[in-house]
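Breakdown of the fold
The lines below spell out each chain.
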Amino acid sequence: MPASLITGWGKCLPPAVLSNADLEGLTDTSDEWITTRSGIKERRISHVETSDLAAVAARHALAAAGRGAEEIDLLLVATCTPDRLVPAAAALVQQKIGAARAAAMDLNAACSGFLYGLAVADQMIRAGSVRRALVIGAEKLHFFLDFTDRATSVLFGDGAGAVVVEASEEAGGLLAFELGADGTAAEILCIPGSGTEGEPSRERRSRVQMEGPAVFRRAVEAMGDASLRVLEKAGVSLEEVDLLIPHQANLRIIEATARRLGLDGSKVMLNLADYGNTSAASIPIALAEALEQGKVRPGALVVFAAFGGGLTWAAAAYRWGARVTPLAASAASLAPVGRSGRELLEPNVLLYGKGV
Ligand code: ACO
């Protein structure tokens, strides 16, 4: 049975920055509170659509893998903020990058979506129905932010990350994954009004709602336990882990998860200070940056762990191959932005008002 290897990786962060200081003018908060409670210093606000972010990340991943878009059999976009419900963001990405031969679909498991997507691609590769997949996590979360709610609006940001996954006869690659969900806790993190529940209405508004402390407790438990189970499934020990790449939701959640696992902080990839919580995009962005920063060595054992709305959770154990550098670079980039992060949020402020 072939193994699934990540052969390319890429990211796309929209250029407009929203700092904690910018948020002080939008909602009743402070840089000090956001930094100490979450570890976030700034986030990006997208001036383009989710599929645009996804397409740029995909082009970088394809270049890194040395592959053309027409070589892709399966194109998966993990997102809870697609441009439209129909067609899937994956179909829009297919059109933008020219992946003419690919089956294309979206997958929504909130912040765990990228790892769910990786597992789907892995299983289709092992079954022999797909040879090459593009798995993308992409989000434009700012669309759903209400700045009168300081408990949620300071946490999220926009971005995309992507990987090319290929069938290989080499040893290693994705060793094991663990997926789970607890739908009884669906209400503690949700975006009501974002789908078809209720009647059609002109007044429909949809914004992120969250019971932060409840999500916090469950996140630590779910990410820690899923990581331990995945190591057991993969037949490797915690001592062998070289790098944990967790979903970047909150520094305190990540630190508590590492403590629960007994994993040294130096083995944990962090970039949430720069981007906040980008939901399904956070792990592929963090992976791309870990590779850029030389944190993934040839042969490294990498563990990914995530949790998100649903509540969902996921973990994967991955043995990296010999190549940790891209085969080629892509010049793909977004259209220029003429507005600041703060200016891009004016529609949210007009809809809900400011929280200060
Ligand atoms: N600025 C200033 N004060 C604030 C803010 C803010 N932005 N937000 C909340 N507060 C206040 C609260 O009103 C409360 O005040 P009170 O004591 O007077 O009532 C106080 O700070 C403490 O609030 P808590 O919610 O108890 O703060 P906590 O330490 O739990 O931190 C946080 C809140 C950061 C949301 C934390 O609970 C957390 O990270 N939870 C998980 C969130 C998360 O990861 N969500 C994403 C899930 S992934 C996905 O699927 C999208």
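So, here's what we can say about the structure. These numbers come from a predicted model, not from an experiment.

Criteria and thresholds
- Residues numbered from 1 in each chain as written.
- Predicted model: local features only at pLDDT ≥ 70, side-chain atom pairs only at ≥ 80, totals over all residues.
- Heavy atoms only, no water.
- Helix = DSSP H or I, 4+ residues; strand = E, 2+ residues; numbered from the N terminus.
- Rg over C-alpha atoms; globule rule 2.2 N^0.38 Å.
- Buried < 20%, exposed > 50% of the residue type's maximum accessible area, 1.4 Å probe, protein only.
- Contact = heavy atoms within 4.5 Å.
- Areas by Shrake-Rupley, 256 points an atom, 1.4 Å probe, with all protein chains shown as cover.
- Lys, Arg positive; Asp, Glu negative; His and termini not counted.
- Charge placed at Lys NZ, Arg CZ, Asp CG, Glu CD.
- Near = heavy atom within 4 Å.
- Polar contact = N/O pair within 3.5 Å; in protein donor to acceptor, adjacent residues only side chain to side chain.
- 1 Å grid on protein atoms, 1.4 Å probe; cavity = no way out; pocket = protein on both sides within 12 Å on 5 of 7 lines; lining within 4 Å.
- Sits in = over half its atoms within 2 Å of the grid points.
- Nonpolar A, V, L, I, M, F, W, Y, C, P; charged D, E, K, R; others polar.
- Core = buried A, V, L, I, M, F, W, Y, C linked by side-chain atoms within 4.5 Å.
- Points joined across faces, edges and corners; volume = space filled by probe spheres on them.
- Expected span 1.5 Å × (residues − 1).
- Pairing = 2+ DSSP bridges.
- Axes fitted to C-alpha atoms, helices over the stretch in contact; angles between N-to-C directions.
- Parallel < 35°, antiparallel > 145°, perpendicular 65-115°, else oblique.
- Left-handed = near helix turned anticlockwise from the far one by under 90°.

1. Quick notes on the overall build of the chain
Within the chain one finds 12 helices and 13 strands. Relative to its length of 356 residues, the chain is compact, with a C-alpha radius of gyration of 19 Å against a globular reference of 21 Å. When each of the 356 residues of the chain is scored for burial, the buried share is 57%. Contacts spanning at least 24 positions in sequence make up 79% of the contacts within the chain whose residues lie at least 6 apart. For the chain, the accessible area works out to roughly 14,300 Å², and carbon and sulfur atoms hold 52% of it. If you average the places of the 34 positive and of the 41 negative side-chain charges in the chain, the two averages end up 1 Å apart.

2. Looking at the site of the ligand
Around the ligand sit 25 residues in total, of which T29, R37, C111, N250 and G309 are the nearest. Within the side chain of R150, one N or O atom sits 2.9 Å away from an oxygen atom of the ligand. Within the backbone of P213, an N or O atom sits 3.5 Å from an oxygen atom of the ligand. When the free accessible area of the ligand is taken as 1,000 Å², the share hidden by the protein chains comes to 74%. Spatially, the ligand is embedded in the largest pocket. Of all the secondary structure elements, the ones that give two or more residues to the shell around the ligand are α2 (31–38), α6 (150–153), α7 (212–234), α8 (251–261) and β12 (301–308). Tallying contributions element by element places α7 first for the shell around the ligand, with four residues. The residue inventory of the shell around the ligand, partitioned by class, reads 14 nonpolar, seven polar and four charged.

3. Observations regarding the nonpolar core
Among the nonpolar cores identified, the biggest contains 54 residues, and L23, L26, V208, V241, L244, L263 and F307 are the most heavily contacted of them. For this core, the secondary structure elements donating two or more residues are α7, α8, β12 and β13 (312–319). For L26, the contacting residues outside a window of four places in its chain are L18, F147, R342, L345, V349, K354, G355 and V356. Of all hydrophobic cores here, the second largest spans 39 residues; its members include L76, A167, I245 and Y318.

4. Things to note about empty space enclosed by the protein
Scanning the model with the defined rule gives one cavity of 30 Å³ or more in all. A volume near 30 Å³ is recorded for the largest cavity. The wall of the largest cavity is formed by S227, L231, L238, V241, L244, L261, L263 and V303. Of the residues in the lining of the largest cavity, the class split is seven nonpolar, one polar and no charged.

5. Quick look at helix α3 (residues 50–65)
For α3, with 16 residues, the first-to-last C-alpha span of 23 Å sits near the 22 Å given by 1.5 Å per residue. The element α3 is extensively covered by neighbouring structure, given that 13 of its 16 residues are classed as buried.

6. As for the sheet that holds β12
In space, the four strands of this open sheet follow the order β8-β13-β12-β11, with mixed pairing throughout. Edge strands, defined here as strands with exactly one partner in the open sheet, are β8 (173–181) and β11 (243–246). This sheet shows a mean twist of 15° between the axes of neighbouring strands, independent of strand direction. Alignment of β11 against β12, held across four bridges, turns out to be parallel.

7. Things to note about the packing of α3 against helix α4 (residues 89–97)
Running from N to C, α3 and α4 point in directions that differ by 55°, and their axes come no closer than 9 Å. One way to sum up the angle between α3 and α4 is to call them oblique. For the element pair α3 and α4, the recorded crossing hand is right-handed. Seen from α3, the contacting residues are S51, D52, A54, A55, A58, R59 and L62; seen from α4, they are A89, L92, V93, K96 and I97. Partitioned by chemical class, the residues of the contact of α3 with α4 number eight nonpolar, one polar and three charged.

8. Topic: the pairing of β13
Of all eight residues making up β13, seven are buried, and the element is well covered by its neighbours. Here β8 pairs with β13 via eight bridges, running antiparallel. Bridge pairing links F177 to A316 in β13. Examined bridge by bridge, β12 and β13 share eight bridges and lie antiparallel to one another. Residue pairing for β13: F304 is matched across the bridge by A316.

Shape is all these values report; function is a separate question.
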